Amino acid sequence: MPRVLSKPLSDTFNDALVYAHNLHRHQPRKGRDIPYIGHLLGVASLVLENGGDEDMGIAALLHDAVEDQGGLPRRDEIAARYGERVAAIVMGCTDSDAVDPHQKAPWCDRKLAYIEHMTHEADGDVRLVSLADKVHNARAILTDHVEAGDSCFERFSGRKDGTLWYYRSVVDAFRHAESRPHDGSPVAVGRRRLIVELERVVKELEARCGGKGKNPCRG
């Protein structure tokens, strides 16, 4: 007999997939003419492959919905459709809840707060989704750097030094968070696996770029 999943994803996941695509339908990847849904699918894939359950998979699909597509009103809509747990994970991965994306706080303020949050406050479910997001983004940056060199950093607010500093900082943040006692659940194992992958990609990027970058937020 063919093997079957012990707990298949439900129609709620199907609904979230379409909902995420509709929210981001016209949004490209930063600096590229690539549908943004590709990133969301990549993050959801990493979450589901590393111990995440359906709620975490849905949160992965929607992790940028508040930040890029409506702010806090979008958070309330997500909670109404998919529950408070999904909304809480989405908010834990969000560095701006402004309705207008152009009204976000300065880059340094947002990134420093995000690093602090992942280091000391975010729970394990939030960290899994955030790690998947950072792994998918870091892989894309590395691929672009292989093809285009340092010019790939021009589309980022932190430019080369700030982007390298930020990714090294989030690796350190996740490492610190995982140093606290935790269980041996599939989610915990998945987080550790993703940290190893994130550090591998970041190290390769640093080697290609000649160092770890510099903190642009000092002074």
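Scroll up to find the structure.
Source: prediction; values computed, not measured.

Visitor: What am I meant to see in the state of the cysteines here?
Guide: The bond known as a disulfide is covalent and runs between the sulfur atoms of two cysteines. Scanning the model with the defined rule gives 1 disulfide in all. Each sulfur of the disulfide joining C108 and C217 lies 2.2 Å from the other. Measuring the twist about the S-S bond at about -90°, one finds the C108-C217 disulfide to be left-handed. A residue pair is termed long-range when its members are at least 10 positions apart, and C108 in helix α7 (residues 107-120) and C217 in the segment after α10 (186-209) qualify at 109 residues. C152 provides the cysteine sulfur closest to C209, a residue in no disulfide bond, and the two sulfurs are 6.7 Å apart.

Visitor: What am I meant to see in the side chain of R191 here?
Guide: On the secondary structure map, R191 appears in helix α10. A polar side-chain atom of R191 sits 2.5 Å from a polar atom in the side chain of E178. Leaving out residues up to four positions away in the same chain, R191 has contacts with G124, R127, L128, L131, E178 and H182.

Visitor: What am I meant to see in the packing of aromatic side chains here?
Guide: Geometrically, a pair of aromatic rings is defined through the distance of the ring centres and the angle of the planes. Going through the model one piece at a time under the given rule, you end up with 4 aromatic pairs. Measuring from centroid to centroid gives 5.6 Å for Y166 and Y167, while their planes differ by 80°, and the two rings are edge-to-face. A relative accessible area of 6% means that Y166 is categorised as buried. An aromatic cluster of three or more residues is present, and its members are W107, W165, Y166 and Y167. The ring of Y166 has K111 sitting right over it, with the charged end atom 5.0 Å from the ring centre.

Visitor: Can you walk me through the packing of helix α1 (residues 11-24) against helix α3 (residues 54-61) in this structure?
Guide: A pair of packed helices is captured by two measures, namely the crossing angle of their axes and the spacing between those axes. Between α1 and α3, whose axes approach to 9 Å, the crossing angle comes to 10°. Judged by the inter-axis angle, α1 sits roughly parallel to α3. When α1 is examined against α3, the residues T12, F13, A16, L17 and A20 are found in contact with a partner set consisting of E54, G57, I58 and L61. Residues of the contact of α1 with α3, tallied by class, amount to 6 nonpolar, 2 polar and 1 charged.

Visitor: Would you explain α3 in this entry?
Guide: Every α-helix carries 3.6 residues per turn, so stepping three or four residues along brings you back to the same face. Of all 8 residues that make up α3, 6 are buried, and the element is covered over most of its length. For α3, every residue scored as buried is listed here: M56, G57, I58, A59, A60 and L61. The elements touched by buried residues of α3 are α1, α2 (37-49), α5 (71-82), α6 (84-92), α8 (124-148) and α10. Where α3 begins, the side chain of D53 points an oxygen toward the backbone nitrogen of D55, at a separation of 3.2 Å.

The rules behind the values
Counting restarts for each chain: residues are numbered from 1 in the order of the written sequence. Local features are withheld for residues below a pLDDT of 70 in this predicted model, meaning they are given only at 70 or higher, and side-chain atom pairs are given and counted only at 80 or more; totals for whole chains, interfaces and linings count all residues. Just so you know, side-chain values use all the structure's heavy atoms and leave hydrogens and water out. Two cysteine sulfur atoms form a disulfide, by the criterion used here, when they sit within 2.5 Å. Working definition: helices are DSSP H or I runs of at least four residues, strands are E runs of at least two. Numbering for both runs from the N terminus. Polar contact criterion, stated in full: a pair of N or O atoms within 3.5 Å, where within protein one must be able to donate a hydrogen and the other to accept it, and residues adjacent in sequence count only if both atoms are side-chain atoms. A contact between two residues is defined here by any heavy atoms of the two lying within 4.5 Å. Pairing of aromatic side chains requires ring centres within 6.5 Å, counting the rings of Phe and Tyr and the six-membered ring of Trp. Pairs whose planes differ by under 30 degrees are stacked, by over 60 edge-to-face, and all others tilted. Only protein chains enter the accessibility calculation, which uses a 1.4 Å probe; a residue is then buried when its area is under 20% of its type maximum, exposed when over 50%, and partly exposed in between. Only when the NZ atom of a Lys or the CZ atom of an Arg is both within 6 Å of the ring centre and within 35 degrees of the ring normal do we say a charge sits over the ring. Note on method: axes are straight lines fitted to C-alpha atoms, helices fitted across the in-contact stretch only, with angles between N-to-C directions ranging 0 to 180 degrees. Oblique is the label for any angle not covered by the other classes, which are roughly parallel (under 35 degrees), roughly antiparallel (over 145) and roughly perpendicular (65 to 115). Think of it as three bins: nonpolar holds Ala, Val, Leu, Ile, Met, Phe, Trp, Tyr, Cys and Pro, charged holds Asp, Glu, Lys and Arg, and polar takes everything else, Gly as well.

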